[in-house]
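# Per-entry structural report
Single-letter residue listing:
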Amino acid sequence: MKYSRIVGTGGYLPEKILTNADLEKMVNTTDRWIRERTGIYKRHLAAEGQTTCDLSEQAVKLAIEMAGIETNQIDLIIVATTTPDRVFPSTACLLQQRLGIHGCAAFDIQAVCTGFIYALGVADQFIRSGMAMTALVIGAETLSRIIDWTDRNTCVLFGDGAGAVVLKADQVPGILSSHLHADGEYEQLLTVPVGVSQGYDKMQQGETYIQMKGHEVFKIAVNTLGQIVDETLNAHQMDKSEVDWLIPHQANIRIIQATAKKLKMTMDKVVVTVGEHGNTSAASVPLALDVAVRQGKIQRGEVLLMEAFGGGFTWGSVLAKY
Ligand code: COA
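A brief report on the enclosed structure follows. (Residues numbered from 1 in each chain as written. Predicted model: local features only at pLDDT ≥ 70, side-chain atom pairs only at ≥ 80, totals over all residues. Heavy atoms only, no water.)

### Focus on the overall build of the protein chain
- Helix and strand counts for the protein chain stand at 11 helices and 13 strands.
- Taking 20 Å as the expected radius of gyration for a compact globule of 322 residues, we find that the protein chain reaches 18 Å, a close match to that expectation.
- Looking at the protein chain residue by residue over its 322 residues, the buried ones come to 55%.
- Contacts spanning at least 24 positions in sequence make up 76% of the contacts within the protein chain whose residues lie at least 6 apart.
- For the protein chain, the exposed area adds up to about 13,800 Å²; of that, 49% sits on carbon and sulfur atoms.
- Taking the average place of the 29 positive charges on the side chains of the protein chain and the average place of its 35 negative ones, the gap between the two points comes to 4 Å. (Helix = DSSP H or I, 4+ residues; strand = E, 2+ residues; numbered from the N terminus. Rg over C-alpha atoms; globule rule 2.2 N^0.38 Å. Buried < 20%, exposed > 50% of the residue type's maximum accessible area, 1.4 Å probe, protein only. Contact = heavy atoms within 4.5 Å. Areas by Shrake-Rupley, 256 points an atom, 1.4 Å probe, with all protein chains shown as cover. Lys, Arg positive; Asp, Glu negative; His and termini not counted. Charge placed at Lys NZ, Arg CZ, Asp CG, Glu CD.)

Below, the structure written as structure tokens:
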């Protein structure tokens, strides 16, 4: 039996920081409201000209260094992003070129905030089936480019960043299972309602912003993440107490607390980065994982439950032994 194991992690946050105090000067909001309703107190923003591929490259270098591999061993690159550098080529192809790699499969996955979970699930299948031996899986976003900075409902929530993992084939797990879901019925609740084949003229004029019915999204996210926890544990007949770490998508501290409660987990076993990172969409889970690994919190052999929920709606989980 072949499994995929996480052998390296990396994260990168752009230098520029936007605090709640900065936002108080931009829209009708307060530091107190943002902290109480979301848990966020700052977020990082890409510099002018800094792209999703740029952020990915920095995260990947650190992940490769930790994994101790050579770039020529990489035979699969998947970038999860909603904010690619270009319409095409994919950000994965651009990243492949930066890394000086030629010939391996490279593609992007678009599942918004669940993107990294989808990408990890797909890469795991490539490795299990023998199609790849060493995969780079990245979640990276420059969400600041699609935020209406006059809309207090959304602009306080999001940030930019990138997280990466190196996955390697191994005889021992590794990733135990992935659980991926979507329901397009909810496309209106969280969307950027333009793209290449719809509203491209608006896109060219820069009117390309995240629109969200936050309260509805919140309620569905809490319920759905509760269900994915059950589904994941049931698949392994595993008790809640057997999960060592919850590494959730970092959208809102209250959503994270609700999932922890469902797992009967104390918050010291939950990796929380939302306060410093904001919601970095596909980058949030790999960034949180990297922070916890580099802080020495997560130890080899421990059981990790990673989960996310996002636009689409999409949602999913990956259960892994680190
Ligand atoms: N500052 C101050 N007030 C704000 C505000 C801000 N930045 N944003 C919204 N408000 C106001 C609203 O206008 C509303 O005012 P009203 O009652 O006068 O109409 C009030 O705060 C409450 O709004 P509501 O949307 O009910 O608040 P909430 O408790 O649901 O919190 C969110 C809002 C966005 C923080 C919360 O709904 C949320 O996190 N949703 C999920 C978002 C998410 O995770 N999205 C990505 C999924 S991956």
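### Side note on the nonpolar core
- Counting 40 residues, the largest nonpolar core has I210, L246, L263, M265, L305, F309 and F313 as the members making the most contacts within it.
- Mapped by element, the contributors of at least two residues to this core are helix 8 (214-235), helix 9 (253-262), strand 12 (303-310) and strand 13 (314-321).
- Broken down by element, the residue count for this core peaks at 7 residues, all from helix 8.
- Beyond its immediate sequence surroundings of up to four residues, M265 is in contact with V243, D244, W245, L246, A260 and V270.
- Formed by 36 residues, the second largest nonpolar core is a distinct cluster that contains A119, L120, A282 and V293. (Core = buried A, V, L, I, M, F, W, Y, C linked by side-chain atoms within 4.5 Å.)

### Describing the site of the ligand
- Around the ligand sit 23 residues in total, of which T29, R37, G214, H215 and N252 are the nearest.
- In the environment of the ligand, a nitrogen atom lies 3.5 Å from a nitrogen or oxygen atom belonging to the side chain of W33.
- In this structure, H215 approaches the ligand through a side-chain N or O atom, which is 2.8 Å from an oxygen atom.
- Coverage of the ligand by the protein chains reaches 74% of its 950 Å² of free accessible surface.
- For the shell around the ligand, the elements supplying multiple residues, two or more each, are helix 2 (31-38), helix 6 (152-155), helix 8, helix 9 and strand 12.
- With 4 residues, the single largest contributor to the shell around the ligand is helix 8. (Near = heavy atom within 4 Å. Polar contact = N/O pair within 3.5 Å; in protein donor to acceptor, adjacent residues only side chain to side chain.)

### Some points on the packing of aromatic side chains
- Inspection of the entire model under this criterion finds 3 aromatic pairs.
- Arranged with centres 5.1 Å apart and planes meeting at 20°, the rings of Y186 and F313 form a pair that is stacked. Of this pair, Y186 sits in the loop between strand 8 (175-182) and strand 9 (190-191) while F313 sits in the loop between strand 12 and strand 13, and the two are 127 residues apart along the sequence.
- The class of Y186 is partly exposed, set by a relative accessible area of 29%.
- With a centroid separation of 4.7 Å and an interplanar angle of 50°, the aromatic rings of F309 and F313 are classed as tilted. Just as F309 is buried, F313 falls in that class too.
- The side chain of K269 reaches across the aromatic face of W245, ending 4.2 Å from its centre. (Phe/Tyr/Trp six-rings, centres within 6.5 Å; stacked < 30°, edge-to-face > 60°. Lys NZ or Arg CZ within 6 Å of the ring centre and 35° of its normal.)

### A look at the side chain of H277
- With respect to the secondary-structure elements, H277 resides in helix 10 (residues 274-277).
- Contact partners of H277, with chain neighbours within four places excluded, come to L13, K42, R43, H44, G159, L287 and V291.

### A look at the pattern of salt bridges
- Scanning all chains against the criterion turns up 9 salt bridges.
- In this structure, E36 and R32 form a salt bridge, with 2.9 Å as the shortest nitrogen-oxygen distance. Highlighted residues: E36 and R32, both in helix 2, separated by 4 residues, approximately one helical turn.
- When its relative accessible area of 47% is taken as the criterion, E36 is described as partly exposed. (Salt bridge = Lys/Arg side-chain N within 4 Å of Asp/Glu carboxyl O.)

### Examining the sheet that holds strand 11 (residues 245-248)
- Strand order in the open sheet formed by 4 strands is 8-13-12-11, and the pairing between neighbours is mixed. Edge strands, defined here as strands with exactly one partner in the open sheet, are strand 8 and strand 11. Taking the axes of each pair of neighbouring strands and ignoring which way they run, one obtains an average angle of 10° across the sheet.
- Of the strand pairs in this sheet, strand 12 and strand 13 are connected by 8 bridges, and their pairing is antiparallel. Following the sheet pairing, E307 is matched in strand 13 by S317.
- Helix 8 rests against strand 8, strand 12 and strand 13 of the sheet, and its axis sits at about 145° to strand 12. (Pairing = 2+ DSSP bridges. Axes fitted to C-alpha atoms, helices over the stretch in contact; angles between N-to-C directions.)

Geometric values such as these leave the question of function open.
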